[in-house]
Amino acid sequence: MIVGQQKPFDEIWEMVKGFKKVLVYGCNTCVAICHAGGGKEAEILTSLLRMKAAQEGVDLQVDHAAIERHCEPEFFEPLDEKVRTYDLVLSTACGVGVNFLADRLGGSMPVYPGINTTFYGGVPEAGFFVELCGGCGNCVLHLTGGICPIVRCSKSLMNGPCGGTNNGKCEVSNETDCAWFLIVERMKKLGTLEKLYEVQPPRDWSTGTHGGPRRVSLEHIRAYEEQEEKNAATEGRR
Amino acid sequence: MSVLSQSTKRGSVLIVGGGIGGMQAALDLADSGFKVHMVQRDPSIGGTMVMLDKTFPTGDCAMCMISPKMVEAGRHLNVDIHTLAEVTSVDGDAGDFTVRVKLAPRYVDADKCTGCGDCELKCPKKVLSEFDQNLGQRKAVYSLFPQAVPNTRAIDASQCLCLNDPDRKRCRLCEKACKAGAINYNDKGRELELHVGSIILSPGLDRYDARVRQELGLGRWKNVVSSIQFERILSASGPYKGVVQRPSDQKHPKKVAWIQCVGSRDNHNANPWCSSVCCMYATKQSIIAKEHDKNIEPTIFFMEMRAFGKDFDKYVERAKNEYDVRYQRAMVSAIREEPGTGDLLLKYASEDGRLITEKFDMVVLSVGFQPHGDAEQFAKTFGIETNEYLFAKTSPFAPVKTSREGIFVTGIYQGPKDIPETVMQGSGVAGSVMAMLAEVRGTEIVKKELPPEKDVTGEEPRIGVFVCHCGTNISSTVNIDEVVNAVKDQPGVAYVTNTIYACAQDNQDMIKQTIKEQNLNRVVIASCTPRTHEKLFQETIREAGLNKYLFDLADIREQCSWCHKGQNEVATKKAIGIVKMSVAKSRLQEPLQSETVGVTPACLIIGGGIAGMTAALSLADQGFPVHIIEKDPELGGLIKHVYRTLDGLDVQEFLKDRIGAVNEHPKITVHTGVEVKKTDGFVGNFKTILTDGSAIEHGAIILATGGVEYQPTEYLYGQTPNVITQRQLEKTLAEGGSPGTGKRYVMIQCVGSREEPNQYCSRICCQDAIRNAIAIKERNPAAEVIIVYRDVRTYGLREDYYKKARDLGVIFVRYDVDKKPQVEQTGSVIQVRTWDYMLDRELSLTADWLVLSTGLRPHPTTEHVGAMYKVTRNPDGYFLEAHVKLRPVDFPSEGLFVAGLGHAPKNIDETVAQALAASGRAGVILSHEHLAVSGIIAKHKRELCMSCLSCFRVCPFGSPYIAEDGKVSHNEVKCMGCGICAGICPAKAFQVNNFRDDQILAMIDAAVESEPGVVN
Amino acid sequence: MVDGAVTEQTGVSTIEKPREIPEGWEPNVLAFACHYCAFAAADLAGVMRLSYPPNVKIIRLPCTGKLDHIHILRAFERGVDGVFVAG
């Protein structure tokens, strides 16, 4: 799940204060689950902005809305027209949603981010989120006992811990477990410790964010969609 | 049962005494099909607990906990409360008693009195308040305390000016003040004759009058107070409004001393028993006092710290470490007042014998319990036997049964005990009565016939607003006409009127009439608090055919007129605001249907020890099928290794008898050698699959998983045959083993208890040691017994045996946890070295036998069972009950109950009482064909839900769950309507009925609209 | 608020504008109280006839856990000067 956190209010205010009519636009998927940018948080932020505007004596209209997901076009459609009546969309979706909507609006109006998109994480308990995957595009979890060295090791080391490992904790912070300590312990339990003797070669980071924007294209599904379109066209001709 | 016996039993019960134990029994019985008559000496029910400020070890406010119970008992259709009443005779036999009750004149007609209190304000006669322990004042016409139930004043005939005038001409001010005409100076009282199937005695106890011990100075030195006086001092509603101050000069005391065992554990001028609660309440009072005023330095003078209950030792440790409470092991011999200052000089001997005089600002005497002055006559009236101290006589195997068939006892009249144990016995006695009167359950209860409900869906709101004067209680401060006028034009309001007393019978009829005439579909009454009156008015509108949730109560008395006296203009403005808020909410109200669910009338009990078997027999006698699940191949549990109780009863005989009864009972099925594999469901509808594959459907579950004994590793145990446990010694003694002359038994207490990581008292070990010590001394006085102990915790009436052991020559040597005894073996000789604090030097004892008093642990299965039923356990692994004071056998999730050692260490009599309590609580559920779900619950909109699990994780009742399709769903039967789910849900998928967001927002808007000049 | 719909425009006109504090001004306080404890305490204050300023009104909740951010914000938006949550 994508985890985000609302930006500091002052930062948001700096973005918003010059506009006259602002829509706070929430996304009811990942960022709602992490209590950062769903419909509820959009409403809270709206209220705070209205009050700030009143305090500052700025004439500002702020409304809020939310849709199921900010990363697929169909969800936006019912609100498109209304959205265009605003001067600014303050999106509380993740960065994906902000990009997506900004592309969709094609420069007709600005879309600003209300939250910082933080990481891909799990929710081990209510209100607690931890980063567990770096989205590197080249998964090695089968080699590391299911523990990701890319994000759970502060240095993203691939061949065992550094000298900063300290009784199972990381030198960066003693609240952080040393991922390589966890990996060794886990692989002992799994009985696969010998796998660690295999030296991992220098990593090819091009599958990650270092190789330019990534795409996934599922041809079988796209083909199906193309066929549908063709059929519709044929039927239309009849 | 024969037809004859069915026809002779009565389905009603008399409860004598309306304290917390009596109330618990009354509510359990009335909720499960029995008519209850409650007789109470005082003008209000409540007993001792209502006088307390807070309760240990959680620091909960006593009144906040007990008040809803009092209101519930007071309003219950099947509980008749007779106050200022005493039983004068009891005739007949079990199943059909005839009881005569004498009611003293109240001089206030309870049918007419609305509880407004106008009379009290006008009464000119001030007297010392017995409720505030003479530290405050009340009037001659009074209510015992503000939250009294019934909420009807009474006139104290000994103080009233009019009643003391032979011509009845003086004063009469209260009569003039009462708009309801409820004052009746000619009241003569009356007599009642009741026919009941069973009688429960819960008269409570009196407190020792510490003035007897003149050397301590109560009544002589002003700044010496009794502990119950100190409770009132701490209470925010007490004489000093919660400010800790000295009676003599209102100075805030710095050094405060508590003196323990005043009137307890003392054969001279006092009582020999231990009162069981004083160590803990002194600890509590010192903590609370310090919370009120951080400058207070508390010292507790004590003989032995008896923190034997669940989590009590941890509480005492907190008092020491976090609140700097000083515990001084010493008896104070005399208290003198320092002339001129009001300070107090305490004389005591330190443990090593030095004489010390220490100055304190204030002293609290921790007074103990004792039977009421008329206890002998009381027992005679009911024809029951007492023990030598005039407590009701019971057996440890049947702790709530008196000597007379059909008459039961609960609470401290059976022996000193604290609140949870009293509540346990209350439910336990209810369970016993349910079993005894099973076949006449439901025969004498009153049921209300209601007209069909009018369908108002789709109708525009037509709100009727009734603004109450409450005599002059509201109208002397709030201008009622102005309120009426201001509300008239509010949207949705169809009708507004005023009324003198909305709650009086004639006005109730008027409201019902108006609903029909004006075709109202919602009602707002502006009067007093919903906490006491909402249910009454809800019933009123329901009787007029409206759904009861189409009602709102605007509190303009407690929260307006009463606290803004003399500020009529602003108070009126506020009242208008409060009523407008109610109207705004009412406009959005919708009829709510209370769902009902069927109940499978069977119970599953996990654990076949004494707790499980006792609960099973009681429930089976009530007529419900019971399944006992025992993982061992045979019934019995831990008690299989116990031979005698402290008072010498044969435990094995008792166990054999129980096992026989269980095996013979046609309603009980015993499943041995199996465990629970899977469980599912909710109150009334559980399904459990056992490891042998059998499936059981049942409506309630009792977890009686029991405990195990700690297996010691310390003090050479297991390394030499002469180091044994008390249980092993008990076995040898039971098998006739005879202690040799001159042989020395050294016993070490608290082995594996009361120190980290097991910082709790196992409760049974002191008694085990003393029982075995007595047995040794009785068999051979020439054998020696030395008990090395930390605190001897022979609480309650068990203290007798401590004394007996000392009289027989058993030697007690105290040790401290920092200086634990050292045990060595040289050859065949065991040497125990320990520090003697009296001699102030080390003792070296040679022991022929070293006996270890090992503690208790929860049974290992507790963890698994707890996880399966999603019930929490405390840090020591014991099940955590719903509330440590008032719900000691319930779990937060309904339909689940706990009994026995799985809950906490306890003795056999306490286990039996808790098992009976579990059977009583389960009986309440199983006796219903259907259970009604409250209307005020959270509604879950699945189409909005994102299954983020926030609700699932925070709900204290486990009502959100992950459904078969893998998404979150909501079980409304388990929901208690707290709305935590609604507060946390990021999708706003939850709304609480009648507290919906739109309703709350409408109230906020209304609250602001009514303050013109503030907004816009 | 319903998914997929822009809410009604509720802001602007009802928001209280900052202004000078007039003489003799009293704050308007709204309290959210748990039915079981704080609401009962407010009742007790009345029963004991304790006097306090009348500029506070109470909204009863089944538990303060029910309280929502938006309740507090709405109160402030409407010009309430203080919110007191007790439970």
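Residues numbered from 1 in each chain as written. Chains lettered and ligands numbered in written order. Predicted model: local features only at pLDDT ≥ 70, side-chain atom pairs only at ≥ 80, totals over all residues.

**Some words on the overall build of chain C**
Piece 1. When you go through chain C residue by residue, the secondary structure sums to 2 helices and 3 strands.
Piece 2. Counting from the amino terminus, helix and strand elements in chain C follow one another as β-α-β-α-β.
Piece 3. For chain C, buried positions account for 41% of its 87 residues.
Piece 4. For chain C, the proportion of contacts with a sequence separation of at least 24, taken over those separated by at least 6, is 78%. (Helix = DSSP H or I, 4+ residues; strand = E, 2+ residues; numbered from the N terminus. Buried ≥ 20, exposed ≤ 12 C-beta atoms within 10 Å, placed from the backbone. Contact = placed C-beta atoms within 7 Å.)

**Here we look at the overall build of chain B**
Piece 1. Per the secondary structure count, chain B includes 25 helices and 52 strands.
Piece 2. Here the C-alpha atoms of chain B give a radius of gyration of 31 Å, agreeing with the 31 Å that 2.2 N^0.38 yields for 1016 residues.
Piece 3. For the C-alpha atoms alone, the extent of chain B along its principal axes is close to 100 × 80 × 65 Å.
Piece 4. Across chain B, every contact between residues at least 6 apart in sequence was considered, and the portion connecting residues at least 24 apart equals 72%. (Rg over C-alpha atoms; globule rule 2.2 N^0.38 Å.)

**With respect to the sheet that holds strand S7 (residues 128-133) of chain A**
All names here are of chain A.
Piece 1. In space, the 3 strands of this open sheet follow the order S1-S6-S7, with antiparallel pairing throughout. Taken across any chain shown, the strands that pair with only one partner, and hence form the sheet edges, are strand S1 (2-6) and S7. Strand-to-strand twist across the sheet, computed as the mean angle between neighbouring axes with direction ignored, equals 70 degrees. (Pairing = 2+ DSSP bridges. Axes fitted to C-alpha atoms, helices over the stretch in contact; angles between N-to-C directions.)

**Things to note about the interface of chain B and chain A**
Many structure descriptions define interface size as the accessible area lost when the parts assemble.
Piece 1. Facing 8 residues of chain B, the contacting portion of chain A comprises 9 residues.
Piece 2. A class-by-class count of the residues in the side of chain B that touches chain A yields 5 nonpolar, 1 polar and 2 charged. (Nonpolar A, V, L, I, M, F, W, Y, C, P; charged D, E, K, R; others polar.)

**As for the interface of chain B and chain C**
Piece 1. Taken together, the 41 residues of chain B in the interface contact 34 residues of chain C.
Piece 2. At the level of secondary structure, the elements contributing two or more residues to the side of chain B that touches chain C comprise helix H3 (62-75), helix H14 (557-561), helix H15 (568-587), helix H24 (980-984) and helix H25 (997-1009) of chain B.
Piece 3. Top element by residues in the side of chain B that touches chain C is H25 of chain B. It accounts for 8 residues.
Piece 4. Its residues assigned to classes, the side of chain B that touches chain C shows 22 nonpolar, 11 polar and 8 charged.

**Concerning the environment of Ala 700 of chain B**
Residue and element names in this part refer to chain B.
Piece 1. Mapped onto the secondary structure, Ala 700 falls in strand S36 (residues 700-703).
Piece 2. Judged by the 29 C-beta atoms lying within 10 Å of it, Ala 700 falls in the buried class.
Piece 3. Through-space distance from the C-alpha of Ala 700 to that of Ile 925 is 7.4 Å; in sequence the pair is 225 residues apart.
Piece 4. Sequence-distant contacts of Ala 700, defined by excluding residues within four places in its chain, comprise Cys 603, Gly 895, Phe 897, Ala 922, Ile 925 and Leu 926.

**So, the confidence of the model for chain C**
Residue and element names in this part refer to chain C.
Piece 1. Summing up the model confidence of chain C, the mean pLDDT is 82 and the portion of residues at 70 or higher is 82%.
Piece 2. Averaged pLDDT values for the elements of chain C fall to 89 in helix H1 (residues 38-47) and rise to 96 in strand S2 (residues 56-61).
Piece 3. Listed scores for the predicted complex are pTM 0.84 and ipTM 0.90. (pLDDT = per-residue confidence, 0-100.)

**With respect to helix H17 (residues 651-664) of chain B**
All names here are of chain B.
Piece 1. Between its terminal C-alpha atoms H17 stretches 20 Å, which fits the 20 Å expected from 14 residues at 1.5 Å a residue.
Piece 2. Along H17, the residues that are buried comprise Val 651, Phe 654, Leu 655, Arg 658 and Val 662. Along H17, the residues classed as buried sweep out an arc of 100 degrees about the axis, all on the same side. The outward face of H17, more than 90 degrees from its buried face, is lined by the exposed residues Glu 653, Lys 656, Asp 657, Gly 660, Asn 663 and Glu 664.
Piece 3. Contacts from the buried residues of H17 go to helix H16 (610-621) and strand S32 (668-672). (Expected span 1.5 Å × (residues − 1). Arc of directions from axis to C-beta.)

**Comments concerning the nonpolar core**
Piece 1. By size, the foremost hydrophobic cluster in this structure holds 191 residues, and its most contacted members are Ala 26, Ile 605, Ala 616 and Ile 702 of chain B.
Piece 2. No other element matches the 11 residues that helix H22 (residues 908-926) of chain B contributes to this core.
Piece 3. Of all hydrophobic cores here, the second largest spans 130 residues; its members include Ile 2 of chain A together with Ala 486, Leu 550 and Ile 980 of chain B. (Core = buried A, V, L, I, M, F, W, Y, C linked by C-beta atoms within 7 Å.)

**Looking at the pairing of strand S6 (residues 85-93) of chain B**
Piece 1. Pairing of S6 of chain B with strand S7 (residues 96-103) of chain B involves 8 bridges; the strand directions are antiparallel. Directly across from Ala 85 of chain B, in S7 of chain B, lies its bridge partner Leu 103 of chain B.

**Remarks on unusual backbone geometry**
Where the residue is not glycine, phi is negative for most of them; where a peptide bond is considered, it is trans in most cases.
All names here are of chain B.
Piece 1. Of note, the amide linkage connecting Phe 56 to Pro 57 takes the cis form, showing an omega dihedral of -10 degrees.
Piece 2. You can see Pro 57 is positioned in the loop between strand S3 (54-55) and strand S4 (60-61).
Piece 3. Even without glycine at this site, Asp 311 takes up a positive phi of about 65 degrees.
Piece 4. You can see Asp 311 is positioned in the loop between strand S17 (297-302) and helix H8 (312-323).

**Here's the deal with helix H10 (residues 419-436) of chain B**
What sets the pattern is the α-helix's 3.6 residues per turn: residues three or four places apart point alike.
Piece 1. The end-to-end C-alpha separation of H10 of chain B is 25 Å, in line with the 26 Å expected for 18 residues at 1.5 Å each.
Piece 2. For H10 of chain B, a buried count of 17 out of 18 residues is recorded, marking the element as mostly surrounded by other parts of the structure.

**Brief notes about the packing of helix H12 (residues 505-517) of chain B against helix H13 (residues 530-543) of chain B**
All names here are of chain B.
Piece 1. Across the interface, H12 lies against H13 with an axial gap of 9 Å and an inter-helix angle of 45 degrees. Between H12 and H13, the angle is such that the two are oblique. The handedness of the crossing between H12 and H13 is right-handed. Side by side, H12 and H13 meet where Gln 508, Ile 511, Lys 512 and Ile 515 of the first sit next to Thr 540, Ile 541 and Glu 543 of the second.
Piece 2. When its residues are assigned to classes, the contact of H12 with H13 shows 3 nonpolar, 2 polar and 2 charged. (Parallel < 35°, antiparallel > 145°, perpendicular 65-115°, else oblique. Left-handed = near helix turned anticlockwise from the far one by under 90°.)

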